[in-house]
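What the coordinates show
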Amino acid sequence: MLPSTAQLKQTGGRELKRIVFDEETIAERVQALGREITAAYPDGDLLVLGLLKGSFIFLSDLVRRIDRPLQVDFLVASSYGEGTVSSGKVRLVYDPETELAGKHILLVEDIIDTGKTLNKLVGLLRQRRPRSLEICALLHKHVADHLELEAKFVGLDAPTLFLVGYGLDHAENFRHLPYIASLT
Ligand code: PRP
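Residues numbered from 1 in each chain as written. Predicted model: local features only at pLDDT ≥ 70, side-chain atom pairs only at ≥ 80, totals over all residues. Heavy atoms only, no water.

1. Points about the environment of aspartate 67
Along the polypeptide, aspartate 67 turns up in the loop between helix H3 (56-63) and strand S3 (71-78). Spatially, the C-alpha atoms of aspartate 67 and arginine 35 are 7.6 Å apart, while their sequence positions differ by 32 residues. (Helix = DSSP H or I, 4+ residues; strand = E, 2+ residues; numbered from the N terminus.)

2. Quick notes on the nonpolar core
In summary, soluble globular proteins display a tendency toward joint burial of nonpolar side chains. The biggest cluster of nonpolar side chains holds 28 residues, and the ones touching the most others in it are Ile37, Phe58, Leu62, Cys136 and Leu139. Those elements that provide at least two residues to this core are strand S1 (16-21), helix H2 (23-40), strand S2 (46-52), H3, strand S5 (104-112), strand S6 (132-140) and strand S7 (153-157). The element contributing the most residues to this core is H3, with five residues. Leave out the neighbours within four places in its chain, and phenylalanine 58 touches Val30, Leu33, Val108, Glu109, Cys136, Ala137, Leu138 and Tyr166. Judged by nonpolar contacts, the second largest core, of 19 residues, contains Ile112, Leu118, Leu125 and Ala137. (Core = buried A, V, L, I, M, F, W, Y, C linked by side-chain atoms within 4.5 Å. Buried < 20%, exposed > 50% of the residue type's maximum accessible area, 1.4 Å probe, protein only. Contact = heavy atoms within 4.5 Å.)

3. Things to note about H2
End to end, H2 covers 26 Å across 18 residues, agreeing with the expected 26 Å (1.5 Å per residue, within 8%). Along H2, the residues that are buried comprise Ile26, Val30, Ala32, Leu33, Gly34 and Ile37. (Expected span 1.5 Å × (residues − 1).)

4. Section: a negative patch on the surface
Taken together, the side chains of Asp22, Glu23, Glu24 and Glu28 make up a negatively charged region of the molecular surface. Among the secondary structure elements, glutamate 28 is positioned in helix H2. (Patch = residues over 30% accessible without salt bridge, like charges linked within 9 Å, V, L, I, M, F, W, Y side chains within 5 Å. Areas by Shrake-Rupley, 256 points an atom, 1.4 Å probe, with all protein chains shown as cover. Salt bridge = Lys/Arg side-chain N within 4 Å of Asp/Glu carboxyl O. Lys, Arg positive; Asp, Glu negative; His and termini not counted. Charge placed at Lys NZ, Arg CZ, Asp CG, Glu CD.)

5. Regarding the packing of H2 against H3
At their nearest, the axes of H2 and H3 sit 9 Å apart, and the two run at 60 degrees to each other. Between H2 and H3, the angle is such that the two are oblique. The handedness of the crossing between H2 and H3 is right-handed. For the pair H2 and H3, the contacting residues are Val30, Leu33, Gly34 and Ile37 in the first and Phe58, Asp61 and Leu62 in the second. Of the residues contributing to the contact of H2 with H3, the split by class is five nonpolar, one polar and one charged. (Axes fitted to C-alpha atoms, helices over the stretch in contact; angles between N-to-C directions. Parallel < 35°, antiparallel > 145°, perpendicular 65-115°, else oblique. Left-handed = near helix turned anticlockwise from the far one by under 90°. Nonpolar A, V, L, I, M, F, W, Y, C, P; charged D, E, K, R; others polar.)

6. Observations regarding the sheet that holds strand S8 (residues 163-164)
Taken in spatial order, the three strands line up as S1-S9-S8 in an open sheet, and their pairing is antiparallel. Of all strands in the sheet, those bounded by a partner on one side alone are S1 and S8. (Pairing = 2+ DSSP bridges.)

Next comes the structure, spelled out in structure tokens:
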């Protein structure tokens, strides 16, 4: 269900156009990703690194679907600011405190758009000498010119619309929506 007019007034006037992925669709894909990831890591230490803020809901649902020991930590990078187009500048605001060397690192991203965020982070993480480095993205727009590392695990192919909800924001609004919607 889309938010009421009163709720929309509290979100800077930007309105939702339509639901692109509903709760059931997201839950099915997250469950399938959990199974895939469980099967892909038969041994070794697995560190699931959530890229904040966008991945916070996806990450929390995903790790509960991974049936093997793992650790969780976070990275904070920011690229969009308050606009709807990527600025291309990626800023690392928080660096994980957990040791990365020798571990399987699974970087969890809510959406791959231009790929600039990931391209910067992949280089940084490789320098920490992990045993392996892979990407899990809930949404992939498939519009990036170049990806340093293609996502091994992808939830849903996303349309080239500005999407919000299930962790994704516009100027920090809409992250709490349980579904993914497009903006007008
Ligand atoms: C958004 C999104 C991805 C990234 C994708 O993050 O969560 O991390 O942009 O865009 P790209 O592929 O074009 O780099 P944002 O910088 O808006 O921060 P947030 O996660 O705090 O919303």
